[in-house]
Amino acid sequence: MIERIVIIDNVDPICFYGVNNANMQLVKNLYPKLRISARGSVIRVVGEDRETAEFEAKIKELSAYAERYNTLSEEVILDIIKGEAPKEKKSDGVIIYGINGKPIGPRTPNQQKLVDAFNENDLTFALGPAGTGKTYIAIALAVRALKNREVRKIILSRPAVEAGEKLGFLPGDMKDKIDPYLQPLYDALEDMIPAMKLKEYMESKVIQIAPLAFMRGRTLNDAVIVLDEAQNTTTHQIKMFLTRLGMNAKMIITGDVTQIDLPHKTQSGLVQALRILDGVSGVGMVEFGKKDIVRHHLVQRIVEAYEKYDEAMKAAREQVAADDGDTPGIPPENNFD
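Not measured: the values here are computed from a predicted model.

Engineer: Just give me the short version of the overall build of the protein, but keep the residues and values in it.
Structural biologist: Counting its secondary structure elements, the protein contains eleven helices and eleven strands. Looking at the 337 residues of the protein, the share that counts as buried comes to 45%. Taking as baseline every contact in the protein between residues at least 6 positions apart, the subset at least 24 positions apart corresponds to 69%. Surface exposure of the protein reaches about 18900 Å², of which carbon and sulfur atoms provide 51%.

Engineer: Could you give an account of helix α6 (residues 134-147), with specific residues and numbers?
Structural biologist: In a regular helix each residue adds 1.5 Å, so 14 residues correspond to 20 Å; α6 covers 20 Å between its end C-alpha atoms and thus fits that length. Counting buried positions along α6 yields twelve of 14 residues, so the element is predominantly enclosed. Taken together, the buried positions of α6 are occupied by Lys134, Thr135, Ile137, Ala138, Ile139, Ala140, Leu141, Ala142, Val143, Arg144, Ala145 and Leu146. Downstream of α6 by a residue or two, Arg149 has a phi angle that is positive, lying close to 60°.

Engineer: So what's going on with the environment of Arg152? Which residues, and what values?
Structural biologist: Mapped onto the secondary structure, Arg152 falls in the loop between α6 and β7 (153-158). Sequence spacing of Arg152 and Val224 is 72 residues, and the spatial spacing of their C-alpha atoms is 8.6 Å.

Engineer: Could you give an account of unusual backbone geometry, naming the residues involved and the relevant values?
Structural biologist: Trans peptide bonds make up the majority, and among non-glycine residues the majority have a negative phi. Unusually for a residue other than glycine, Asn100 sits at a positive phi of about 60°. In this structure, Asn100 sits in the loop between β4 (96-97) and β5 (103-104). Although it is not a glycine, Asn248 adopts a positive phi angle of roughly 50°. Looking at the element boundaries, Asn248 is found in the loop between α9 (235-242) and β10 (250-255).

Engineer: Can you tell me about α9, naming the residues and giving the values?
Structural biologist: Those residues of α9 not exposed but buried are Thr235, Ile238, Met240, Phe241 and Leu242. Where α9 is buried, its residues contact β6 (123-127), β7, β9 (223-227), β10 and α10 (269-277).

Engineer: Go over the packing of helix α3 (residues 49-69) against helix α4 (residues 74-81), please, and point to the residues and values.
Structural biologist: Two numbers describe a pair of packed helices, the interaxial angle and the distance between the axes. At their nearest, the axes of α3 and α4 sit 10 Å apart, and the two run at 140° to each other. Considering the angle they form, α3 stands oblique to α4. The two elements α3 and α4 meet at a crossing, and its hand is right-handed. Here α3 contributes Lys58, Glu61, Leu62 and Tyr65 to the contact with α4, which in turn contributes Val76, Ile77, Ile80 and Ile81.

Engineer: Go over the sheet that holds β7 with me, naming the residues and quoting the values.
Structural biologist: Strands sit in the order β8-β7-β9-β10-β6-β11 across an open sheet of six strands; the sheet is parallel. Looking at the sheet topology across the chains shown, the edges are occupied by β8 (207-211) and β11 (283-287). On average, adjacent strands in this sheet sit at an angle of 15° to one another, irrespective of strand direction. Looking at chain direction, β7 and β9 are connected through five bridges and run parallel. Opposite Lys153, over in β9, you have Ala223 as the bridge partner. Helix α5 (residues 109-120) rests against β6, β9, β10 and β11 of the sheet, and its axis sits at about 175° to β11.

Engineer: I'd like a description of the sheet that holds strand β1 (residues 2-7), backed by residues and values.
Structural biologist: Two modes of strand pairing occur in sheets, parallel and antiparallel, and in both the strands are linked by backbone hydrogen bonds. Spatially, the three strands line up as an open sheet ordered β1-β3-β2, and their pairing is antiparallel. A single partner strand is all that each edge strand has here, and the edge strands are β1 and β2 (35-39). Neighbouring strand axes in the sheet, compared pairwise and without regard to direction, differ in orientation by 15° on average. With five bridges joining them, β2 and strand β3 (residues 42-47) adopt antiparallel strand pairing. Among the inter-strand pairings, Ser37 is bridged to a residue of β3, identified as Arg44.

Engineer: So, the nonpolar core: which residues are in play, and what are the values?
Structural biologist: Ranked by internal contacts, the top residues of the largest apolar core, which has 37 residues, are Leu189, Met192 and Ile207. Mapped onto this core, the elements with two or more residues apiece are α5, α6, β7, α7 (174-192), α8 (195-203), β8 and β9. Residue contributions to this core peak at nine residues, all from α6. Sequence-distant contacts of Met192, that is, excluding residues within four places in its chain, are made with Asn70, Ile96, Tyr97, Gly98, Ile99, Ile104, Tyr136, Ile139, Ala140 and Val143.

Engineer: Quick one: what's the story with the pattern of salt bridges, residue by residue and with numbers?
Structural biologist: For the coordinates displayed, the defined rule picks out eleven salt bridges. The partner of Arg149 in a salt bridge is Glu67, with the nearest N and O atoms 3.4 Å apart. Of this pair, Arg149 sits in the loop between α6 and β7 while Glu67 sits in helix α3, and the two are 82 residues apart along the sequence. Residue class for Arg149 comes out exposed when judged on its relative accessible area of 53%. Residues joined in a network through salt bridges with shared partners are Arg4, Asp49, Glu56 and Lys60.

Engineer: Account for the packing of aromatic side chains, naming residues and giving values.
Structural biologist: Tallying each qualifying case throughout the model produces four aromatic pairs. Both rings, one in Phe16 and one in Tyr17, keep their centres 5.5 Å apart while their planes meet at 80°; by these two values the pair is edge-to-face. Each member of the pair, Phe16 as well as Tyr17, is classed as buried. Here Tyr69 and Tyr97 contribute two aromatic rings whose centre-to-centre distance is 4.7 Å and whose plane-to-plane angle is 70°, an arrangement assigned as edge-to-face. A residue pair is termed long-range when its members are at least 10 positions apart, and Tyr69 in helix α3 and Tyr97 in strand β4 qualify at 28 residues. Assigned by exposure class, Tyr69 and Tyr97 land together as buried.

How each quantity is defined
- Residues numbered from 1 in each chain as written.
- Predicted model: local features only at pLDDT ≥ 70, side-chain atom pairs only at ≥ 80, totals over all residues.
- Heavy atoms only, no water.
- Helix = DSSP H or I, 4+ residues; strand = E, 2+ residues; numbered from the N terminus.
- Buried < 20%, exposed > 50% of the residue type's maximum accessible area, 1.4 Å probe, protein only.
- Contact = heavy atoms within 4.5 Å.
- Areas by Shrake-Rupley, 256 points an atom, 1.4 Å probe, with all protein chains shown as cover.
- Expected span 1.5 Å × (residues − 1).
- Axes fitted to C-alpha atoms, helices over the stretch in contact; angles between N-to-C directions.
- Parallel < 35°, antiparallel > 145°, perpendicular 65-115°, else oblique.
- Left-handed = near helix turned anticlockwise from the far one by under 90°.
- Pairing = 2+ DSSP bridges.
- Core = buried A, V, L, I, M, F, W, Y, C linked by side-chain atoms within 4.5 Å.
- Salt bridge = Lys/Arg side-chain N within 4 Å of Asp/Glu carboxyl O.
- Phe/Tyr/Trp six-rings, centres within 6.5 Å; stacked < 30°, edge-to-face > 60°.

In structure tokens, the structure reads:
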């Protein structure tokens, strides 16, 4: 009798073993002569040398499939163990497969441009209104690089700036205080990485989520770094962040210059950086528009309505300036250049 140990540390155990260990029970039924036990990421098998060797090879095939597609069905298990190739999932344009095998990829031409710009450049700016998928695609690209072992870690950051309201004192430790600002990044990750695996990545710092202020003094090597809501950085903050880029690292910076929440008369670091870095080799820039919005259809109409309002207010201010400020009835606005 031979005992073999198979490690499946690159796949989520819940995905691999199935609900109530249904997948593992099916595998045991297909190998009735073997004694099989599984705990966490370790599978032990005892039996004849030839059959245990075959079992190990098949488990590795199943593990590779589950790691790639984030799902493992009874049909796939039967196909792989019988030596038949499982049906290939549609992969055209897919960046990664998220929870339950959901394909995640670009849904608009500009989202595809972001994918191409990331592949071609070490620093990419993704600019545009809310709901265009800038952050979601950026995080998907980071997760793909991690899964393909192109990098060793993902670093996600945001400036901790309140969006117009004063939140006051937040209770709890440092993590409790900053998590509300970083929740959109957690939401995207939870769509793409199974909960147990995500927790493991966070605890081992393979995935790091931190406010922008925590980046000072670091050199970020072997990583994909994403800075979200960069319109709310100051000029000093974004310069500090850009100079963190280390060896074998890529950076994606997302932002919407129409939603700046900085104090009045404070210049956005993103706006300045776009001017300074325009035309620099190795820097890509992708601009999204309202046609790229992939949220609820009403979001696109809301963005269009605000654009019309902004244009009307700008025309009114220009008319006031032309009339030396004598035109009555124009409401003051503070958020327009």
